[in-house]
Amino acid sequence: MSSIQGVVELIESLYSPHPPPNVNQIQQQLQTIQKSQDGLRLANELLLHNELSNNVKYFGALTYAVQLNTSGHDDDLWELFRGNLLHLTSISRTYASDPSANSSLLVIIKKLMSNLALIFFKANDRQPEESFNRWDNPIETFINLFSSPELSSDKIDGLLADMLVASVNYQNLIQFVESSEALNLLILLFSEVIVEDLTKAQSQKLNLSHLHKVVHQNLYISAMSVINHNLEKMLFTYDQNSSRPTLTENVFRCVNAWISYTSISRNLSEGRMDLSETFELLIRLMCTYKPPQSFPYSSTVVAIFGDIFANDPTLLNYELRSSVEGLFLGVSQNSTSVSGGHEWMLQYMNYLVTNEIYEDLKDLALCVVDFLQVSNLNVCNKLFTSVPNSDQRNLQQYVKVLLQMTNFSLTPVLEEFFSVRMVDFWLDLCDGYSNLVPETLKPETPELAADIFGQVIQIYLPKISLSNKQKILQNDEEDSLIHEFDDFRVAVLDLAESAWSVLGNDKLTDKLIASIGEINPSSGVDLFQVEALSYLLQKLLSDMTLSECPWMCDTLGSSSFFLPNILLLIKTGCQQENSNGSKEAHILSTDFVKTGTSLIGTISAFLKQDSQKLGECVNTLFQCLESCTNPSANDSKVELLVTKCISEVCEMCRQELTSYLPTFTKVHRAMLQRNSHVSNFTRQKFTRALGYIIQSFINDGPEPQAQFLSQIIDVIADGINEANSDRDHVLCLLTCFSELGSAMVQPGEPDDLLYLSQLSVFLNFWTQDPLQLRSKTSNLLEHVMSQYGKDPEFIEVGCLIMGKSLSLPEEKPHFLKFQMQEIMDFMVRRSSNCEPTTGLPYIAYHLEKVVNQYKSTLTPQDFDFMLSEFFLGQHGPAVAADPDLSQLMVNFINSVMDTRPGLAIHCEHWTTFIMPELLKLLPSKERFTISAVTKFWTKVVNNKKFTRNDEITIREQVSSVGLQLTQQTMYSLFHTQRSDLNFYSDLLRALVARYPLPFKQWLMQVLPQLCDNQPAHHLLIEKLFITRGSRAAANAVLEWWLDCNGLPHVSQ
Amino acid sequence: MSSSGYYELYRRSTVGATLVDALDTLISDGRIEASLAMRVLDTFDRVVADALRDKTQSKLTFKGHLHTYRFCDDVWTFIIEDCNVKLDQTEDIQGNTVVVDKLRIVACNSKKSGE
């Protein structure tokens, strides 16, 4: 061993503020010494000498910890116990002699205490007779040793053995902690360290029941005595204590540690550690009022109770919970007596509000509502069912207090959290009510429930008003509170949805509509109110299918100011967006427009029935669009919202809007101009909206429809020709073309008799295409591609246009129904010119769609052609070098294996390229490649789409490459990481299921070549074949992998 | 559920699986002991559960046909066919609905056992 002085120097340099460059080497050197047989002696030496620095002493304590974790003998444990305890006592004495000067010793003391805690656990995690000795109570041992005179080392062992079992009575215990504040603090700290470490140890060991029992019978009694003594002192000698915040903090920290431990251990040990006395004292401390500090402990105790109610509320017994209920609410659901303690709550809330201590007010809200949630179901049963012994008058008073609390008068989120947290309470109460068995309800229950939840909604309407968001925006410099307020609004939406199941349309939806409709737009509208009402209404209506609810449309129609108010909301939002550039105005106006446009989109089925209202709405939306398409606007969100709304209305009311086609076409032409201020999103969405209307313009046959389409294509083509060099504008115009094509797809199954009667006429018309729209389209695309053919975004949109009808059934007409050959030619031309890494993925995507659409007519030769043309020819080297492209190719083959595997199996490339190359790709390092390749082989081994002929071919081929396949798979599996195991497991399962006998032979040949672990290999083979390809096989594979790689079996 | 009272199911998430891979590598290289890896995973179980409970607000709604439901060992399983999943609170203005053939929901009790 190096000399102690040498080690000390190393430690000092390790902890120096400017460590030397070889710090890692020093660290490793010290770790080696710590783990060596000299570790114990080193630790002792480092802690023994007063002149050594605290860093060195701490390292000594740390060395004890290392020895503790590496040693396995009972003899060593005794030595460790002896050393740690003696040094703890000695250093504690130094600390207690002058706590303020020696406060830096606390770190070392804490480490030694933690070591002793571990020894205490080791001594007690077995039955007593097996233990190195009996050790019941570390605190008592510490007190005994501390109180004894210092002894010579030869007498120490005997004394320690006696002290292990010697107890300290209550009087001596209190006398000890009373003798000095430092000793009091040390006892609290030791107790805290033990239970904290025990809580952590619980997560690693399964059976600590004996240890819990020892703690319960001994340590718990001492610790509670000390804690409760301290809490009582805090109650009665507050003024003297006020100068000692450290001790107070320690007491509360110790209390918290015991609460966490009790909560975890109570389900795992015999008996139950009761903390009721402590809780009673905490409640009294919470209610302590001492001027001038007012409420010195309330905030800390509220936080402690908040944690308990959130995690383990039943730690408090029924009586204590009733007492807390009385304090919080002034009324208990179970008794008629009104608690005087509620006065404290009112004063405390008043104090927090007056002094604007909103953080503590938030903690109080969290604590109170978490507490209420504990008895939510109970309240629900007592309120709404005919359970006996419930005092209804008292219960209704209780609900009244809860409603008042919800209606806390400050701004939600910014100043108060009661209303925010109470959303969950009311939601749970509402769900609880909805789940009650109808037979258990009292006759008056539906009325009572409707009354309560009606009031709740009325309380929340002003709470979610954007006027509150405005206040937050004016106060909050960061966005966090804004997000919290938005979350609050979303939570209220959920509550409204649940409340609807109680209130129904007549008491909720209709009332919201009527409230909006009652506000006369000509006499000064409170738009904040309209917004809040619309916000809730939109959510409720979005859950209905308005076209199937004529009564709801009637209600909407009968409310005269309803639509004008919603349109006013949108108009005002758009105007504010333009007039005021502040962030606040921008956020609020966006919210106005968002709520208004969402509601209009949701009620578009209602607008469909009233052409006047539809016209009014469309006009307003276009005016808004015009006003908000400001090129200097820094955010186009409002424009996007309005455009999205127009698109939704056009989609729903396409037939009713056909008379607007000439006007819309003009607007569209203006919009597509390069100098127009609208965004590209608006251009594309509006083209789509226009497409919807043209799609339903069928009354006069296909010719007029085709004329409109031709006009739009001409506008797009003209725009492209005029601005050929403006890449973004040309791309936007092509995307508009694609949107037009999408809009022309008939939605769902056609039920329009007129359309059905003309179906054959339309099919015939588009097959002949007298206006040559398809040829116009392909010429336009070729023209654009001659300039932008390498640009992947153009390839994407070009493929989208050419492949628009690829997923359409034969009998559906479409103006872009190209022949397969035309589509293939287009893709071949794009492929020959594109950059494979960026362009090929779009082409491959459409290639899959082509195979899917024309699977019955394609031949293996066609598949050979596709593979050669797109993946192996010109792009072959790129595909081989780039894992993403390899994955793309394998995925294309996989899609064919899913669609019609015979195309791939019987092609020439199958044996010359696909099988050998995909075998080589099995040990890939890229997860995506592994996923694709293992999927391929799984489909080869097991595929329900195989014909008999396919099956015969595949059986023969798999039998011949089986050994190689097994070799590659197991090699890859062995060398892969754990998260990729399942990909290979799936393939192994398929092999076990389809080729059981040969696969066993292959495995027996292959596994010994991988690593020398015969038992694991044997076990794997056995388990694989017992599980017969089921999901359990994955576990067998994982176990084999862990064994062969020398890794521990962590449960997964 | 692990002995610490937290589920181990998040270890199968992408972040969990990646953490397990990293720990495997560290153990194989002899840079950490297996016991430390297990402690890290225990901490991961706790932190993920706490973070998902305390720091997330996202919600999604779905509509579809309930094909299967079962409740076994405190675990609910629902299989929903032809499901329309709507993600709330996304900024995706162009539509935020995902349509899936089959949705499997596995739901465990968020409260600790015994409560």
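Cut-offs used in this document
Residues numbered from 1 in each chain as written. Chains lettered and ligands numbered in written order. Predicted model: local features only at pLDDT ≥ 70, side-chain atom pairs only at ≥ 80, totals over all residues. Heavy atoms only, no water. UniProt positions renumbered as here; feature names shortened; annotations may be inferred. 1 Å grid on protein atoms, 1.4 Å probe; cavity = no way out; pocket = protein on both sides within 12 Å on 5 of 7 lines; lining within 4 Å. Points joined across faces, edges and corners; volume = space filled by probe spheres on them. Helix = DSSP H or I, 4+ residues; strand = E, 2+ residues; numbered from the N terminus. Nonpolar A, V, L, I, M, F, W, Y, C, P; charged D, E, K, R; others polar. Patch = residues over 30% accessible without salt bridge, like charges linked within 9 Å, V, L, I, M, F, W, Y side chains within 5 Å. Areas by Shrake-Rupley, 256 points an atom, 1.4 Å probe, with all protein chains shown as cover. Salt bridge = Lys/Arg side-chain N within 4 Å of Asp/Glu carboxyl O. Buried < 20%, exposed > 50% of the residue type's maximum accessible area, 1.4 Å probe, protein only.

- Chain B has the name Transcription initiation factor IIA subunit 2 in an unreviewed UniProt entry, where Lachancea fermentati is given as its organism.
- In its Sequence similarities (unreviewed entry) section, UniProt records this for chain B: "Belongs to the TFIIA subunit 2 family."
- Entered under Subcellular location (unreviewed entry) in the UniProt record, the comment concerning chain B runs "Nucleus".

- As annotated in an unreviewed UniProt entry, chain A is LAFE_0D03290g1_1 from Lachancea fermentati.
- In its Sequence similarities (unreviewed entry) section, UniProt records this for chain A: "Belongs to the importin beta family."
- Recorded in UniProt under Subcellular location (unreviewed entry), the annotation for chain A is "Nucleus".

Section: empty space enclosed by the protein
Residues and elements named next belong to chain A.
- Following the criterion strictly, the structure yields 5 cavities of 30 Å³ or more and no others.
- What lines the largest cavity is Gln695, Ile698, Gln705, Leu709, Met744, Gln746, Tyr755, Phe762, Trp766, Pro813, His814 and Phe815.
- Every element with two or more residues in the lining of the largest cavity is listed here: helix H34 (702–722) and helix H36 (753–768).
- For the lining of the largest cavity, the class distribution of residues is 8 nonpolar, 4 polar and no charged.

Let's talk about a nonpolar patch on the surface
- Together, Leu60(B), Phe62(B), Leu87(B) and Val98(B) line one region of the surface with nonpolar side chains, adding up to about 310 Å² of accessible area.
- Within the element layout of this structure, Leu60(B) appears in strand S1 (residues 60–72).

With respect to the pattern of salt bridges
Residues and elements named next belong to chain A.
- Applying the stated criterion across every chain, the model contains 32 salt bridges over all chains.
- In this structure, lysine 362 and glutamate 484 form a salt bridge, with 3.6 Å as the shortest nitrogen-oxygen distance. Residue lysine 362 is located in helix H18 (residues 358–374), and its partner glutamate 484 is located in helix H24 (residues 480–518); the two are separated by 122 residues in the primary sequence.
- Residue classification places lysine 362 among the partly exposed positions, given a relative accessible area of 22%.
- Judged by relative accessible area, glutamate 484 falls into the partly exposed class, the value being 27%.
- One continuous salt-bridge network, built from bridges that share partners, spans Arg727, Asp728, Asp791 and Glu793.

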